[in-house]
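Next come the chains, spelled out residue by residue.
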Amino acid sequence: MRKRLAFRKLSRTPTHKWAMLRNMVTSLIYHERIKTTLPKAKEVQRLAEWMIGYGKDGSLHARQQADRIVREKPALTKLFEVLGPRYAEREGGYTRVLKLSKHRTGDAAPMAIIEYVDRPGEIRAARPPASRQRSVIAAVLKKAGINPVTEAKEIESK
């Protein structure tokens, strides 16, 4: 009986699976985009979201928690000095998994790219966080030459 096990087995022993996931999260922090199979990408996504949460927290305890998973000190430094502040006002959804149309040659495994959102050179731009959404939309409309409608004007017109 399964009983709420946290991660998939991924056809590996638990120690091998955790070693692989830790390596993949470290690589994701370094490169901010990696290509892997779809099931692995979905599992790494959970771990990567946790790591960004620790990076946003920035406390000593969060650093110790992240150090248990991230393999190398430079990656840990990047997590707390670059990625944590980058996602300070985003409430979640720091990563995205993009399915690739071409399957892996040899075993035809479905492939995917996992990447952090809001980074330079990303494949598809992310929606801004809810706290910035109105200002971003107003800036885009202003750039297009359209005066944005404010809530006060909407109320007065009714």
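Whatever comes next refers back to the structure up there.
Rules used in this analysis
- Residues numbered from 1 in each chain as written.
- Predicted model: local features only at pLDDT ≥ 70, side-chain atom pairs only at ≥ 80, totals over all residues.
- Heavy atoms only, no water.
- Helix = DSSP H or I, 4+ residues; strand = E, 2+ residues; numbered from the N terminus.
- Contact = heavy atoms within 4.5 Å.
- Phe/Tyr/Trp six-rings, centres within 6.5 Å; stacked < 30°, edge-to-face > 60°.
- Buried < 20%, exposed > 50% of the residue type's maximum accessible area, 1.4 Å probe, protein only.
- Lys NZ or Arg CZ within 6 Å of the ring centre and 35° of its normal.
- Axes fitted to C-alpha atoms, helices over the stretch in contact; angles between N-to-C directions.
- Parallel < 35°, antiparallel > 145°, perpendicular 65-115°, else oblique.
- Left-handed = near helix turned anticlockwise from the far one by under 90°.
- Nonpolar A, V, L, I, M, F, W, Y, C, P; charged D, E, K, R; others polar.
- Salt bridge = Lys/Arg side-chain N within 4 Å of Asp/Glu carboxyl O.

Undergrad: Quick question: what am I supposed to make of the side chain of E49 here?
TA: Looking at where E49 falls in the secondary structure, it is placed in helix α2 (residues 38–57). Aside from chain neighbours lying at most four places away, what touches E49 is G92, G93, Y94 and T95.

Undergrad: For this particular structure, what's the right way to read the packing of aromatic side chains?
TA: Each aromatic ring pair is summarised here by two numbers: the centre-to-centre distance and the angle between the ring planes. According to the stated counting rule, one finds 4 aromatic pairs in the structure shown. Residues F7 and W18 carry aromatic rings whose centres are separated by 5.0 Å and whose planes lie at 80° to one another, so their mutual orientation is edge-to-face. Within this pair, whereas F7 is found in the segment before α1 (14–31), its partner W18 is found in helix α1, the two being separated by 11 residues in sequence. With 5.4 Å between their ring centres and 55° between their planes, Y87 and Y94 make a pair best called tilted. Accessibility assignment for this pair places Y87 and Y94 in one class, buried. If you follow R46 out to its NZ or CZ, it ends over the ring of F7, 4.5 Å from the centre. When the ring centre of F80 is taken as origin, the NZ or CZ atom of R63, which lies over that ring, is 4.4 Å away.

Undergrad: In this structure, what is going on with the packing of α1 against helix α4 (residues 73–86)? I would like to understand it.
TA: When two helices pack together, you describe them by how their axes are tilted relative to each other and by the distance separating the axes. Viewed as axis vectors pointing N to C, α1 and α4 meet at an angle of 50°, and their least axial separation amounts to 9 Å. Our classification of the angle between α1 and α4 gives oblique. In terms of crossing hand, the pair formed by α1 and α4 is left-handed. Judged by residue contacts, T26, I29 and Y30 of α1 engage P74, A75, K78, L79 and L83 from α4. Among the residues making up the contact of α1 with α4, the classes are represented as 6 nonpolar, 1 polar and 1 charged.

Undergrad: Would you take a moment to explain the packing of α2 against helix α3 (residues 60–67) for this structure?
TA: With their axes 8 Å apart at the nearest point, α2 and α3 run at an angle of 155° to one another. Taken together, the axes of α2 and α3 lie roughly antiparallel to each other. Handedness of the crossing formed by α2 with α3: left-handed. On the side of α2, the interface is formed by M51, Y54 and D57, while α3 contributes A62, Q65 and A66. When its residues are assigned to classes, the contact of α2 with α3 shows 4 nonpolar, 1 polar and 1 charged.

Undergrad: What is the right way to read the pattern of salt bridges from this model?
TA: If the charged atoms of two oppositely charged side chains come close together, the side chains can form a pair. Enumeration over the complete set of coordinates arrives at 9 salt bridges. The partner of R86 in a salt bridge is E32, and the shortest N-O contact between them spans 3.0 Å. A residue pair is termed long-range when its members are at least 10 positions apart, and R86 in helix α4 and E32 in the loop between α1 and β1 (33–37) qualify at 54 residues. Exposure remark for R86: the relative accessible area of 26% places this residue in the partly exposed category. Overall, the relative accessible area of 9% leaves E32 in the buried class. With a closest N to O distance of 3.2 Å, E115 and R33 form a salt bridge. Taken together, the residues span a long stretch of sequence, with E115 in strand β3 (residues 111–116) and R33 in strand β1 at a distance of 82 residues. Residue E115 is classed as buried on the basis of its relative accessible area, which comes to 0%. One continuous salt-bridge network, built from bridges that share partners, spans R33, R96, E115 and R119.

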